[in-house]
Amino acid sequence: MISISEMTKRFGRTTALDGMSLEVEKGAVFGLIGPNGAGKTTVMSILATLQLPDGGRATISGRDVTSDIEEVRGLVGYMPDFFGVYDGLKVYEYLDFFASAYHLPEKGRDRLIGGLLELVNLGDKEDFYVDLLSRGMKQRLALARCLVHDPEVLILDEPASGLDPRARAEMKEIIRHLGKMGKTVLISSHILPELGEICDQVAIMENGRVVVSGPVEEVTAAGGGSRVIVVEVAGRAGELALMLEERPHTGLVEADGRQVKFFYRGSREDQGALLKEIIDGGHIVIQYHEVRRNLEEAFMAVTGEVNGK
Amino acid sequence: MKGNPVLLKEMRQRFRTFKTPLIISMYLLITGGLCLSYIYMRWRNMPGYYQPGMSRELFITFSMIQLALIAFVVPGLTSGSISAEREKQTLNVLLVTRLKPLGIVLGKMISSCSFMVIILLATLPLYNIIILYGGFSPGQLAGVFIFYLVTLIAFGSVGMACSAFFKKTGASVVVSYIIVLTIMAGTILLGAFIYEVTRVPGPGSSPTPLISQILQDLNPPMVMLRILGETGMARSLGLPYWGVYTIFYLLLSVLLVWWSARQLRPGGGKGMTWRQ
Ligand SMILES: Nc1ncnc2c1ncn2[C@@H]1O[C@H](COP(=O)(O)OP(=O)(O)OP(=O)(O)O)[C@@H](O)[C@H]1O
Ligand SMILES: [Mg+2]
């Protein structure tokens, strides 16, 4: 459905996209993760036909995003990371304006807008002025806006940023619902556990490229064989954490109370030897075991590796 | 209006509040009051006399004031129209719809200028009162209004182009006013300067250089004075002065509007960075 190949984009001396390639299947809810400045917003705005890439190609449903702009705009609903709303316009009029901006017939708009507001839980806000809505409501209104022309593909750039936990959960529910409706959704987010819950597939981006992509479980397991190990000791773990940071093959050591969590990339034998070292160092070890990584840890491991750790 | 969603929306936003009709009424009250009291004063001093000079003075003064108003207000109305959307981060979502950039620009332009057009049309009855006192033909009045419209469109598109080009409204507003000031005063100053420089020294008149003639024909106050029957520098152009003025400014407007629309296409112009 969405196909990006070898895409590059430069802004002066910064390279925002550096030969990025990605495939998103029809009907997938696809998560795009990556540290700040990885190029997520850039690639999304190119897909939304707001800017042109310097090189490479992207198609949506077979239409090129640089040459078939008209068709692509009809296929895509885009929600930018930052957006404003108009003053002096009511919720209904706001959506009505966008309906006409997509050349939708006037007949049936009432029902369309009513349905959309129902979908994003704003059914009772039709007559509110949009600039007076709360942040979370504006965000949901923006989502309704990009659904106005019933696009096949939704490109949502951090749709849950700035929302409180309850509003985030609501947003998550709506997006999941859209996935069930058969829409192809490309979504970027910083809140990784949530992304893991709603997405079928994810890709991790770093420095303008996709580092890994695939089903959530696969990506979670990826990361060049580094494992997450938890050690629990009697007494404070701070000293142990300092010692672990010095050892070879360890990374991202975190101490929390009596527990230390760290990434380990050495062989399994070395992992055993490390335990012996800890014990020889005078620590009383209560637990020493591997844990299953979550998306966040996979993200840390993958992006950490790229950065050379 | 139905065909252009942007126009409809902007009209809705603009004329929804009480502000617009209030400003228009205030303007009419003030100008109407001034005109009528002027007429009354003249009449009181010399009751019963016909004074062709009086209505002439009044007509010219009033027309000049309205021209100045166009120069002050119109760039202000349009020079923020696109850059403000960029600053408020509403432009992106507008651009990804199926609206054509040209439609967006025209919709914004018409809705911004409509305010001024309404003000001008509202002063028509006032002009009619002045005309009642003689000295001017309805043809001249029509000429003045067509002239207003051309000037308004030109200044409006200058503001529009600036707002499409500059990322920040501040820059757009400043540059728009500089350009309009150049048109209002710069043209005639430059024309006079060239005339003086190229003039043969000594007594007697020398021919006006072509460039000075053209610049004179492009200067709105001069052109309006001519419409109202004053004479300017001698001219030897094939086209009448109003032809030069109308063709030049309409062409300029078309060009500026087209160029503004180009700025809104993906990859068009530096203002179009989505980061706003
Ligand atoms: N208009 C622009 N002008 C200059 N540099 C830009 C522009 N847009 C993006 N960049 C640069 O491109 C790189 C990628 O930015 P982008 O916004 O795509 O990252 P991101 O992954 O969305 O980051 P975040 O998670 O913070 O939203 C950054 O280094 C950024 O500084
Ligand atoms: Mg971003």
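Refer to the structure printed above.
What counts as what
Residues numbered from 1 in each chain as written. Chains lettered and ligands numbered in written order. Predicted model: local features only at pLDDT ≥ 70, side-chain atom pairs only at ≥ 80, totals over all residues. Heavy atoms only, no water. Helix = DSSP H or I, 4+ residues; strand = E, 2+ residues; numbered from the N terminus. Buried < 20%, exposed > 50% of the residue type's maximum accessible area, 1.4 Å probe, protein only. Contact = heavy atoms within 4.5 Å. Salt bridge = Lys/Arg side-chain N within 4 Å of Asp/Glu carboxyl O. Pairing = 2+ DSSP bridges. Axes fitted to C-alpha atoms, helices over the stretch in contact; angles between N-to-C directions. Parallel < 35°, antiparallel > 145°, perpendicular 65-115°, else oblique. Left-handed = near helix turned anticlockwise from the far one by under 90°. Nonpolar A, V, L, I, M, F, W, Y, C, P; charged D, E, K, R; others polar.

1. So, unusual backbone geometry
In terms of backbone geometry, most residues other than glycine have negative phi values and most peptide bonds are trans.
All names here are of chain A.
Point 1. Notably, Glu6 is not glycine yet its phi reads approximately 50°, a positive angle.
Point 2. The topology assignment puts Glu6 in strand E1 (residues 2-11).
Point 3. By relative accessible area, Glu6 is classed as exposed at 53%.
Point 4. Of note in the backbone geometry, Thr49 takes a positive phi value of approximately 65° without being a glycine.
Point 5. Here Thr49 is to be found in the loop between helix H1 (40-47) and strand E4 (55-60).

2. Some words on the interface of chain B and chain A
Point 1. Between chain B and chain A, the contact holds 24 residues from the first and 35 residues from the second.
Point 2. On inspection of chain B and its partner chain A, the count reaches five salt bridges.
Point 3. Of the charged contacts, one joins A:Glu93 and B:Arg16 as a salt bridge, the two residues approaching to 2.7 Å between their closest N and O atoms.
Point 4. Tallying contributions element by element places helix H1 (residues 5-16) of chain B first for the side of chain B that touches chain A, with six residues.

3. Digging into the pairing of strand E12 (residues 250-256) of chain A
When a strand is regular, its side chains alternate between the sheet's two faces.
Point 1. As paired strands, E12(A) and strand E13 (residues 259-264) of chain A are joined by five bridges and run antiparallel to one another. Counterpart to A:Glu254 in the pairing with E13(A) is A:Lys261.

4. Considerations on the packing of helix H8 (residues 138-165) of chain B against helix H9 (residues 169-198) of chain B
Residue and element names in this part refer to chain B.
Point 1. Viewed as axis vectors pointing N to C, H8 and H9 meet at an angle of 150°, and their least axial separation amounts to 9 Å. Relative to H9, the element H8 is oriented roughly antiparallel. Seen along the crossing, H8 lies across H9 with a hand that is right-handed. Contacts between H8 and H9 pair Phe155, Val158, Gly159, Cys162 and Ser163 from the former with Ser172, Val175, Ser176, Ile179, Val180, Ile183 and Met184 from the latter.
Point 2. Residue composition of the contact of H8 with H9, grouped by class: eight nonpolar, four polar and no charged.

5. A closer look at the pairing of strand E3 (residues 29-33) of chain A
All names here are of chain A.
Point 1. Within E3, five of the five residues are buried, which leaves the element mostly enclosed by the surrounding structure.
Point 2. The side-chain alternation of E3 yields two buried faces, one formed by Val29, Gly31 and Ile33 and the other by Phe30 and Leu32.
Point 3. Relative to strand E8 (residues 184-188), E3 runs parallel, the two being bridged by four bridges. Each residue of the ladder has a partner; that of Val29, found in E8, is Val185.
Point 4. Taken together, the four bridges between E3 and strand E9 (residues 201-206) define a ladder with parallel strand orientation. Bridge pairing in E9 links Leu32 to Ala203.

6. Observations concerning the sheet that holds E12(A)
Residue and element names in this part refer to chain A.
Point 1. Strand order in the open sheet formed by four strands is E12-E13-E11-E14, and the pairing between neighbours is antiparallel. The open sheet is flanked by E12 and strand E14 (285-291), the only strands paired with a single partner. Along the sheet, successive strands turn relative to each other by an average axial angle of 15°, direction set aside.
Point 2. Here helix H9 (residues 238-246) sits on the sheet and contacts strand E11 (227-233), E12 and E13; the angle it forms with E12, its principal contact strand, is near 175°.
Point 3. Strands E11, E13 and E14 of the sheet are contacted by helix H10 (residues 268-280), whose axis makes an angle of about 160° with E14.

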